[in-house]
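# Summary of structural features
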Amino acid sequence: MSKKTLKLGIPKGSLQEATAKLFAKAGYNLIFSSRSYTPVIDDNEIECLLIRAQEMARYVEQGVLDAGLTGKDWIVENNASVEEVADMVYSKVSSKPVRWVLAVPNDSDIQSAKDLEGKRIATEAVNLTSSYLKKHGVKAHVEFSWGATEVKAPNLVDAIVEVTETGSSLRANGLRIVDTVLQSNTKFIVNKDSYKDPWKKKKVDIIVMLLNGALAAEKMVGLMMNVKRKDLDNVLKILPALQKPTISELSNQDWVDINTIIEEKEVREIIPKLKESGASGIVEYPLNKIIY
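First things first, this report covers the structure right here in the doc. (Residues numbered from 1 in each chain as written. Predicted model: local features only at pLDDT ≥ 70, side-chain atom pairs only at ≥ 80, totals over all residues. Heavy atoms only, no water.)

## Focus: the sheet that holds strand β7 (residues 98-105)
Read from one edge of the open sheet, 5 strands run β9-β8-β10-β7-β11, paired in mixed fashion. In the strand order of this sheet, the two ends are held by β9 (141-144) and β11 (175-184), each with one partner. Strand-to-strand twist of the sheet, defined as the mean angle between neighbouring strand axes without regard to direction, takes the value 25 degrees. By the bridge criterion, 8 bridges tie β7 to β11 in an arrangement that is antiparallel. Note on β11: the bridge partner recorded for Arg 99 is Gln 183. Running at roughly 165 degrees to β9, helix α4 (residues 126-135) makes contact with β7, β8 (120-123), β9, β10 (159-164) and β11 of the sheet. (Pairing = 2+ DSSP bridges. Helix = DSSP H or I, 4+ residues; strand = E, 2+ residues; numbered from the N terminus. Axes fitted to C-alpha atoms, helices over the stretch in contact; angles between N-to-C directions. Contact = heavy atoms within 4.5 Å.)

## Examining the pattern of salt bridges
Taken as a whole and judged by the stated rule, the model has 14 salt bridges. In this structure, the salt-bridge partner of Glu 45 is Lys 203, at a minimum N-O distance of 2.9 Å. Taken together, the residues span a long stretch of sequence, with Glu 45 in the loop between β3 (40-41) and β4 (46-52) and Lys 203 in helix α6 (residues 198-217) at a distance of 158 residues. In this structure Lys 203 comes out as buried when scored by relative accessible area, which is 10%. Residues joined by salt bridges that share partners form a network here, namely Lys 72, Glu 84, Asp 87 and Lys 187. (Salt bridge = Lys/Arg side-chain N within 4 Å of Asp/Glu carboxyl O. Buried < 20%, exposed > 50% of the residue type's maximum accessible area, 1.4 Å probe, protein only.)

## Digging into the sheet that holds strand β1 (residues 6-12)
The strands that make up a sheet pair up through hydrogen bonds in the backbone, lying either parallel or antiparallel. One open sheet accounts for 5 strands, arranged β4-β1-β5-β12-β6; its pairing is mixed. Whereas interior strands pair on both sides, the edge strands pair on one side only; in this sheet they are β4 and β6 (83-88). On average, adjacent strands in this sheet sit at an angle of 30 degrees to one another, irrespective of strand direction. Note: strand β5 (residues 67-71) against strand β12 (residues 186-190), 5 bridges, orientation antiparallel. Bridge assignment links Ala 67 to a residue of β12, and that residue is Val 190.

Here it is, written out as structure tokens:
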């Protein structure tokens with residue numbers, strides 16, 4: 001009987017490093033070779049293949065891959081019929097969704113989608129852009145851009161539709177955003193037939209649980225401290241907790257141990273208040289996963 005494996009697509013390019021870091025926090029070690037498109041993963045039930053995010057949905061839909069990670073934008077662009085099992089909101093810059101935006105030169109007369117009538121637009125997402133224009137009842141020429149789309153306006157095209165996280169590259173090229181065409185984030189997608197296979201479904205569900213746990217732990221830290229019983233109420237009032245703090249008895253019955261989870265950005269404000277309220281032995285520690 002042959003060993004069962006899950007064929008998993010890892011996005012090549014801008015998401016590759018961020019994906020490897022996410023998998024590492026989830027407990028999987030991904031190793032890339034500069035000349036190989038088959039990353040090594042320390043799970044012999046998973047076979048990885050490095051695929052451009054733009055193509056991932058198509059290969060998953062066709063069953064070449066059982067599952068993969070790609071953006072909602074590329075699922076829409078390929079009109080792919082796949083199971084969208086989970087949102088994985090992470091990117092190369094931030095943990096916020098990215099946007100496909102309509103952008104024009106700062107001095108352009110174009111102020112809305114209606115002003116695109118008869119104009120020329122460059123984009124990597126031709127189908128996405130065409131659907132946007134159709135929704136607004138506008139006819140324009142949409143051409144595929146092989147890259148460096150920001151530099152094509154105004155000399156080659158009137159407008160562009162480009163993906164952005166911060167808008168800084170657009171501003172640096174003298175462009176302003178007119179409208180958001182689509183907001184997108186990474187999705188964990190699965191081939192529909194593969195997801196009907198009990199073994200593959202269970203394997204996918206475990207991977208997704210661990211990846212979601214890693215995402216949930218981002219920007220969170222654990223805090224533990226010792227508190228005298230007489231100060232317990234005051235300390236608890238200060239703590240914003242993911243759930244109720246865990247309170248444990250200590251051998252000295254006048255003291256308790258508190259363990260809780262908070263947002264990392266709150267630590268510098270909370271620790272001094274905890275100290276003033278009687279907490280001692282305060283320890284902050286990083287988290288890899290939070291499983292709900």
